[in-house]
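Single-letter residue listing:
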Amino acid sequence: MADNPDAATDGMAETSRRTFVKATGAATAAAAVGSGANSAAAQTDSDIDGLIEGMSLRQKAGQMTQVAISSFEPEPDGSNVPENFGVDTVGELFTELGVGSVLSGGAAPPSFDGTEVVQGVNALQEYNVRNAPNGIPFLYGVDATHGNDLLEGATALPQRMNMGSARDPDLVEEAERHTSHSVAAMGAHWTFAPTTDLQRDPRWGRFYEGISEDPLLEGDISRVRARALEDDERMTACVKHFAAYSIPNNGNDRAPAATSLRDLRTDLLPPYREALESDPGTVMVNSGAVNGKPAHASHWLLTDVLRERYGFEGVVLSDYDDLDRLITNHDFVEDFRTATKKAINAGVDMYMIGNGGSAPGPVQYIDTLVSLVEDGEIPMERIDEAVRNILELKADLGLFEQPTVDESRIQSALGGAQAASEQLAKESLVLLKNDGDALPLSGSENVLLTGPGVDSDGNDTRALMQHGGWTLGWQGPSAGGPFPRQNLLVDELRSRVGSLTHVPTSFSNGTWWAGQGDEGNQQSDENGEFEFTDRQETAVRSAAPDADAVVIVLGEGPHNEGFGDRDELVLDESQRRLVDVVDEATSDSTPVVGVMYAGSPRGSAETFGQLDALLFAGEPGSDAGVAVADTLVGEYNPSGKLAFSWPRNPGTPVGTTPVPLNRYPPTSTGATDNTPLYEFGHGLSYTNFEYGDVSLSKSSIIDASTTAEVVLSVEVSNTGDTAGEHVVEVFNTQSYGSVLQPIRRLLGYERVSLAAGESTTVDVPLDLSALEVVPGDVLGVMPKVVEAADYELTVGQDGPTTTLTVNETASVGDGLPVPGRYDIDNDDEATYADVVELFRAVRES
């Protein structure tokens, strides 16, 4: 968090707002709220503990409630308040229930106009402070997941998978600082980001939300994002989804995950811990289950690991309606009372309640919570702990001192960070293939641009593909807009080539919500409806022979959560047919270039074999047009590296997915080729980079507890005739120990810019914690260690190698065994009674 200016005045400039509030209490904060006649907070001069003591149990339960709203109007305005809410107006959420937080979920606030949003939030907050029982300001949370993706004209940054491909944490941090200030300017206090789930299974509908399949890279980017999103003193971040959300057994969203403690502790948990190093104010819980235990009911995850082992002191938030999903999704408990009891006792502080459906609303939740405490099934201490976390966050954000936001900020904040957004989009582009130097184009060509880009109403739907989900809507923008600030490939390419013929093919994403009960209207594997009509085919066949080059846009529609789950990763049939037609209609000398807008690795080797070049753009956001067009004509030299492994057999959903870099050997038993089509770290350039001599700052260390980092130095030369940037990556590619070692694991990376013919020595810091394993037998409960061994280090995919010798086994950071290991009686606490039971079991055995 940003420093507290009041604390700085008192000589406490280095003390964070969060620490300051905990040290001094909320006396002045509570008093400052007192403009409301009914404000209990205004009538107390004590600290937060005193404020809690003055609240009724029902009021405390209200603070532990977050409700999705679709209107900022407190009085009746024709908006539909769901029947399950138990109130008639938005205002009654505060006057009757005293809820502690509201949200606009799905990147869709009540208005996409920034001025209307900030005015609406301020008006509702003023109403709340005047009329709510305690006058405590509410927290307003939004899904600003890749920039301020909520407002018309705002900058939508490249999606998270693009951030991983860029390998540039400093640039990501710069861009996300703008997100923090822009979202705060619209009146929000809380964004449900960063998503810190390891990107492993491309069948999963939220694959594009992950940074990388590699825990080091995932952790690096998540750490700087969490820090940057809290750059504005009125904003807090939310590390999610704790934990192991992204490895569902069947590839479907919110499905259970089965994993070993070894995998959980070695690969899945470390990125969350890295993100927590930035001291975010909140954590959101995994919607799924881990090894048979729903995360929302897991005391081990939410208390033993998150609170006690990782030291998290902020607010733990449920995901959308997920207490109810303990019943409807997991079939874990039989009623909402039991679900609430298990979740709150496990460590959930605040329940996020959706805005419709049959799930229990805020009245039922509050009534249930009060009853559970009165009946002794939830301790009052647990309630007070949760409320204290919530009120400390509000004080930390300055809401008691100033509940509303300056409405003049929003216009200057909208659409900013264009330079950072454009550069991030460029750095994230991955050149997968470039046979015969098909790219870059000279810029003088007659170019045919084709591929998905129009719906039946004539709307430009290619813009949807460049943004992806969580962009002015849960499943992405609507075809007719509104849109974030954006530039488009067709416009930017037209201004950079001799002439452009544009033949867009049909794409509509309108099926994702229609008729959920009608199987025929369900979202397709391609996340939309694609078509290549006879008229379009005729136009392509007419234009292709005269084209000096053809650029085909490929990919998938925007999507999110379960609507994006897919069984196969092949391109839509109409897109494959389009590639066939272009291949047939062009001569062998005409370069055919694919540009892929997609949130997952789409396409097969067969289709790619018909392309001379393939540029994977991911979902590059607002500045996609400039980034892609500049790259196609050589005004920018691509430097992105895949942050995931691209499956070889996209039409085979079983057996070849996932194929992450850090999987265990063997890669194949002979029946199927389980090697990736494109490895993690693959990415071509318009120039050539070569590696020379390599050395280590220390080729031998005693142990990793005393030397957690070494520096690898390598000579890098640009041997081509074009300037370019290059990402130097260092992998551990061979080692032996007490357990299986991954095929390769990333230890460090560094971006370097070199002119044609230039050479330099690049120093790459290597994080030896990436070498940690969980030793011991199958259980995987021992402390993580870097084992004594010789570790082969390789620069790039197959560059020069060197060896690091670790002489003694030791832990880098956490030298303790798995939390909860000695909870013998399974009451979620390791106590003397467990020790007695353990000794009794040992003696009897």
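Residues numbered from 1 in each chain as written. Predicted model: local features only at pLDDT ≥ 70, side-chain atom pairs only at ≥ 80, totals over all residues. Heavy atoms only, no water.

Moving on, we come to the overall build of the chain. Helices and strands together make up the secondary structure of the chain, namely 26 helices and 25 strands. Taking all 845 residues of the chain together, 62% fall into the buried category. For the chain, the share of sequence-separated contacts (at least 6 apart) that also reach a separation of at least 24 residues comes to 77%. For the chain, the accessible area works out to roughly 29200 Å², and carbon and sulfur atoms hold 45% of it. (Helix = DSSP H or I, 4+ residues; strand = E, 2+ residues; numbered from the N terminus. Buried < 20%, exposed > 50% of the residue type's maximum accessible area, 1.4 Å probe, protein only. Contact = heavy atoms within 4.5 Å. Areas by Shrake-Rupley, 256 points an atom, 1.4 Å probe, with all protein chains shown as cover.)

Below, the discussion takes up the environment of Ile383. As for its position among the elements, Ile383 is in helix H17 (residues 380-396). Judged by relative accessible area, which is 0%, Ile383 ranks as buried. Along the sequence, Ile383 and Gln63 sit 320 residues apart, while their C-alpha atoms lie 10.0 Å from each other. For Ile383, the residues in contact, after removing those within four places along its chain, are Leu57, Lys60, Met64, Ile344, Leu369, Val373 and Ile378.

Attention now goes to the pattern of salt bridges. Side-chain pairing between opposite charges can occur once the charged atoms of the two side chains come close. One pass over the full model with this rule turns up 44 salt bridges. Across the pair Asp630 and Arg496 runs a salt bridge, and its minimum N-O distance is 2.7 Å. In this pair, Asp630 sits in helix H25 (residues 624-632) while Arg496 sits in the loop between helix H21 (489-494) and strand S13 (499-508), placing the two residues 134 residues apart along the sequence. In this structure, Asp630 and Arg496 share a single accessibility class: buried. Between Glu556 and Arg602 there is a salt bridge; the shortest N-O distance is 2.7 Å. Linking Glu556 in the loop between strand S15 (549-555) and helix H23 (573-585) with Arg602 in the loop between strand S16 (592-597) and helix H24 (605-608), this pair joins segments that are 46 residues apart in sequence. With a relative accessible area of 1%, Arg602 lands in the buried category. Overlapping salt bridges bring together Arg160, Arg206, Glu209, Asp253, Arg254, Asp319, Asp322, Arg325 and Glu561 as one network. (Salt bridge = Lys/Arg side-chain N within 4 Å of Asp/Glu carboxyl O.)

Our next topic: the pairing of strand S25 (residues 801-806). Here S25 shows a buried face lined by Thr802, Leu804 and Val806 and an unburied face lined by Thr801, Thr803 and Thr805. Of the strand pairs in this sheet, strand S19 (residues 700-701) and S25 are connected by 2 bridges, and their pairing is parallel. Within S25, the position partnered with Ile701 by the bridge is Val806. Taken together, the 6 bridges between strand S24 (residues 789-795) and S25 define a ladder with antiparallel strand orientation. By the bridge assignment, Leu793 is partnered in S25 with Thr802. Two successive antiparallel strands, S24 and S25, enclose a turn made up of 5 residues, where Gly796 displays a positive phi of approximately 70°. (Pairing = 2+ DSSP bridges.)

Before going further, it helps to spend a moment on the nonpolar core. If you look at the biggest cluster of nonpolar residues, it comprises 138 residues, and the most contacted ones within it are Leu93, Phe242, Tyr365, Phe616 and Trp646. Ignoring sequence-local partners within four residues, the contact set of Trp646 consists of Leu432, Met596, Pro601, Arg602, Gly603, Phe608, Phe616, Pro676, Leu677 and Tyr678. With 37 residues, the next largest nonpolar core counts Leu431, Leu489, Val490 and Tyr686 among its residues. (Core = buried A, V, L, I, M, F, W, Y, C linked by side-chain atoms within 4.5 Å.)

Turning next to the packing of aromatic side chains. Counted under the stated rule, the structure contains 18 aromatic pairs. Connected via pairs of aromatic rings, a cluster forms that spans Phe207, Phe608, Phe616, Phe644, Trp646 and Tyr678. A cation sits over an aromatic face here: Arg167 above Phe680, 4.8 Å from the ring centre. Over the face of the ring belonging to Phe731 we find Arg744, whose NZ or CZ atom lies 4.6 Å from the ring centre. (Phe/Tyr/Trp six-rings, centres within 6.5 Å; stacked < 30°, edge-to-face > 60°. Lys NZ or Arg CZ within 6 Å of the ring centre and 35° of its normal.)

Here we come to the environment of Thr65. By the element assignment, Thr65 lies in strand S1 (residues 65-68). Placed 296 residues apart in sequence, Thr65 and Gly361 show a C-alpha to C-alpha distance of 9.9 Å. Once residues lying within four places of it in the same chain are set aside, the contact partners of Thr65 are Val99, Gly100, Ser101, Met350, Tyr351, Ile353, Pro362, Tyr365 and Ile366. Polar contacts involving the side chain of Thr65 include one to the main-chain carbonyl oxygen of Ala61, which spans 2.8 Å. (Polar contact = N/O pair within 3.5 Å; in protein donor to acceptor, adjacent residues only side chain to side chain.)

Here the residue pair Ala193 and Pro194 is connected by a cis peptide bond, since its omega of 15° sits within 30 degrees of zero. When you line up the elements, Pro194 lands in the loop between strand S4 (190-191) and helix H10 (215-229). Note that the residue after Phe242, namely Ala243, is joined by a cis bond; omega there is 0°. Located in the positive-phi region is Asp437, a residue other than glycine, with phi close to 50°.

Taken in spatial order, the 5 strands of this open sheet run S19-S25-S24-S21-S22, and their pairing is mixed. A strand with exactly one partner marks an edge of an open sheet, and here the two such strands are S19 and strand S22 (745-754). Strand direction decides the pairing type here: strand S21 (residues 724-734) and S22, joined by 9 bridges, are antiparallel. Bridging across to S22, Val727 finds its partner in Arg751.

Next up on the list: helix H15 (residues 336-346). Since there are 3.6 residues in each turn of an α-helix, residues three or four apart along the chain are aligned in direction. Buried within H15 we find Phe336, Ala339, Thr340, Ala343, Ile344 and Ala346. Each buried residue of H15 lies within a common arc of 160° when the element is viewed along its axis, so the set occupies one face. Among the structural elements, helix H13 (299-309), helix H14 (322-328), strand S10 (351-353), helix H16 (362-374) and H17 are those in contact with the buried residues of H15. With a side-chain oxygen positioned 3.3 Å from the backbone nitrogen of Arg337, the residue opening H15 is Asp335. Just downstream of H15 lies Gly347, where phi reads positive at about 135°. (Arc of directions from axis to C-beta.)

It is worth spelling out the side chain of Gln575 at this point. Relative to the helices and strands, Gln575 resides in helix H23. Among the residues examined, Gln575 registers a relative accessible area of 1% and is labelled buried. Once you skip the residues sitting within four places of it in the chain, Gln575 turns out to touch Pro452, Phe530, Val553, Leu554 and Gly555.

For H25, the tally of buried residues reaches 9 of 9 residues, placing the bulk of the element in the interior. Check the buried side of H25 and you find it contacts helix H19 (418-428), helix H20 (462-467), H21, S15, S16 and strand S17 (613-618). Residue Gly634 follows H25 closely and has a positive phi angle near 85°.

Once that is clear, we can look at the packing of helix H9 (residues 169-185) against H19. Remark: H9 packs on H19, axes separated minimally by 9 Å, with the N-to-C direction vectors making an angle of 145°. The handedness of the crossing between H9 and H19 comes out as left-handed. Taking contact as the criterion, the partners of Leu171, Val172, Glu174 and Ala175 in H9 are, on H19, Ala420, Gln423, Leu424 and Glu427. A breakdown of the residues in the contact of H9 with H19 according to their chemical character gives 5 nonpolar, 1 polar and 2 charged. (Axes fitted to C-alpha atoms, helices over the stretch in contact; angles between N-to-C directions. Left-handed = near helix turned anticlockwise from the far one by under 90°. Nonpolar A, V, L, I, M, F, W, Y, C, P; charged D, E, K, R; others polar.)

One open sheet holds the 5 strands; their spatial order is S4-S3-S2-S1-S10, and the pairing between them is parallel. Edge positions in the sheet fall to S4 and S10, since each of these pairs with one other strand and no more. Pairing between strand S2 (residues 101-104) and strand S3 (residues 139-142): 4 bridges, direction parallel. Among the inter-strand pairings, Ser101 is bridged to a residue of S3, identified as Leu139.

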